[in-house]
Amino acid sequence: MKLLLTALQRIHKPAVCTSPRRRLSSCVSSSGLSPLRDEALVVGSSRELVRRLSSHVEVKTGFITEEEEGSFLRELEPGLKKKRYEFDHWDDAIHGYRETERARWGAACEEVMNRVRSVAFPEGGPLLGPVHVLDLDKTGYIKPHIDSVKFCGSTIAGLSLLSDSIMRLVKEDATDEWVDVLLPRLSLYILRDQARYNFTHQILRDEESVFNGQKVPRLRRISVICRNLPG
């Protein structure tokens, strides 16, 4: 599925405000980020913006186990290895990626996907067809975009496999309003409503991957993304 993306350039200002309600649940992540274990997972341009988005941006750390991550990799790797990483997207929005869609899963992965659906989406609400799987090379990144309202509804939920990363959200019509969201490996992120419709989101490249003053190494990253249908 092609996403309708809009590019946006801006100068990122240092993080000044944090949301203390979202914290790392494990003491050490895959990238060894133990100094961040007591840090908030969301920082932003203002305390008011972080507060306003608190019900629209959610990160659930440790949502899957390493064993469950292994189950996803065993299902996905054979197909992904047949594809080459692409360094030019149809609208120049993604760099260093390969992607696929998945309609059916084995038992272990399906159990996880059921958890994602129950946590992120209203019960009984229609979801967008096959699940989108996006594999970013270590040098890959996703540029600022807003998912097409033609294909996607009010909620986007994604599992983060293999690497920690930073998602940056910027208000589309006021680029001085932004939040950075730390996405630890094995976590689930959820973007809803205002964060989904009014803010671009992006995954930072490794050389820009700094959260609240600390480097967050960006390795190869696979995201397993669910979306609901427009209402």
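Placed above this text is the structure.
Within any chain, residue numbers begin from 1 and follow the written order of that chain's sequence. The model is predicted, so local features are restricted to residues of pLDDT at least 70 and side-chain atom pairs to those at 80 or more, both for listing and for counting; the totals for chains, interfaces and linings are taken over all residues. With hydrogens and water excluded, all non-hydrogen atoms of the structure serve as input to the side-chain values.

*Asks:* What am I meant to see in helix α2 (residues 66-80) here?
*Replies:* The periodicity of an α-helix, 3.6 residues per turn, causes residues three or four places apart in sequence to face the same way. For α2, spanning 15 residues, the distance from its first C-alpha to its last is 20 Å, which sits close to the expected 21 Å at 1.5 Å a residue. Fitting one axis to the seven residues ending at a residue and another to the seven starting there, the bend at that residue is the angle between the two axes. Each helix corresponds to a stretch of at least 4 residues labelled H or I by DSSP, and each strand to a stretch of at least 2 residues labelled E; elements are numbered beginning at the N terminus. At R74, α2 shows its maximal bend, which comes to roughly 30°, and the proline P78 appears one to four places after that position. Contacts are assigned to residue pairs with any non-hydrogen atoms lying within 4.5 Å of each other. For α2, the secondary structure elements touched by its buried residues are β4 (94-102), α3 (107-120), β5 (131-145), β6 (155-161) and β13 (221-227). Every helix has an expected span of 1.5 Å times one less than the residues it contains.

*Asks:* Sorry, what's going on with the packing of aromatic side chains here?
*Replies:* When we look at a pair of aromatic rings, we describe it by the centre distance and by the angle of the planes. Aromatic rings from Phe, Tyr and Trp, with only the six-membered ring used for Trp, were paired whenever their centres fell within 6.5 Å, and each pair was classed as stacked if the ring planes differed by under 30 degrees, edge-to-face if by over 60, and tilted otherwise. Taken as a whole and judged by the stated rule, the model has one aromatic pair. Summarising the aromatic geometry, the rings of F72 and W105 are spaced 5.2 Å apart at their centres and angled 70° between planes, so their arrangement reads as edge-to-face. Of the two residues, F72 sits in helix α2 while W105 sits in the loop between β4 and α3, which places them 33 residues apart along the sequence. In this structure, F72 and W105 share a single accessibility class: buried. The classification of residues rests on relative accessible area computed with a 1.4 Å probe and restricted to protein chains. Under 20% of the type maximum is buried, over 50% is exposed, and intermediate values are partly exposed.

*Asks:* Can you walk me through the nonpolar core in this structure?
*Replies:* Taken as a class, soluble globular proteins show a tendency for nonpolar side chains to be buried jointly. We define a nonpolar core as any set of buried Ala, Val, Leu, Ile, Met, Phe, Trp, Tyr and Cys residues linked to one another through side-chain atoms lying within 4.5 Å. Among the nonpolar cores identified, the biggest contains 33 residues, and M167, L169, V179 and V181 are the most heavily contacted of them. With five residues, strand β8 (residues 178-183) is the largest single contributor of residues to this core. Once residues within four sequence positions are removed from consideration, L169 is found in contact with V57, E177, W178, V179, V181, L191, A195, F199, T200 and H201.

*Asks:* Can you walk me through the environment of L162 in this structure?
*Replies:* Relative to the helices and strands, L162 is located in the loop between β6 and β7 (165-171). Spatially, the C-alpha atom of L162 lies 9.4 Å from that of E66, the residues being 96 residues apart in sequence.

*Asks:* I would appreciate a short explanation of the pairing of strand β9 (residues 188-192) in the present structure.
*Replies:* Each regular strand displays side chains that alternate between the two surfaces of the sheet. Taking burial as the measure, the five residues of β9 include five buried ones, the bulk of the element. A two-sided burial pattern is seen for β9, the buried positions comprising L188, I190 and R192 on one face and Y189 and L191 on the other. Each pair of strands is called paired provided DSSP finds at least two bridges between the two strands. Summarising the sheet, strand β3 (residues 57-60) and β9 pair through four bridges and their orientation is antiparallel. Opposite V57, over in β9, you have L191 as the bridge partner.

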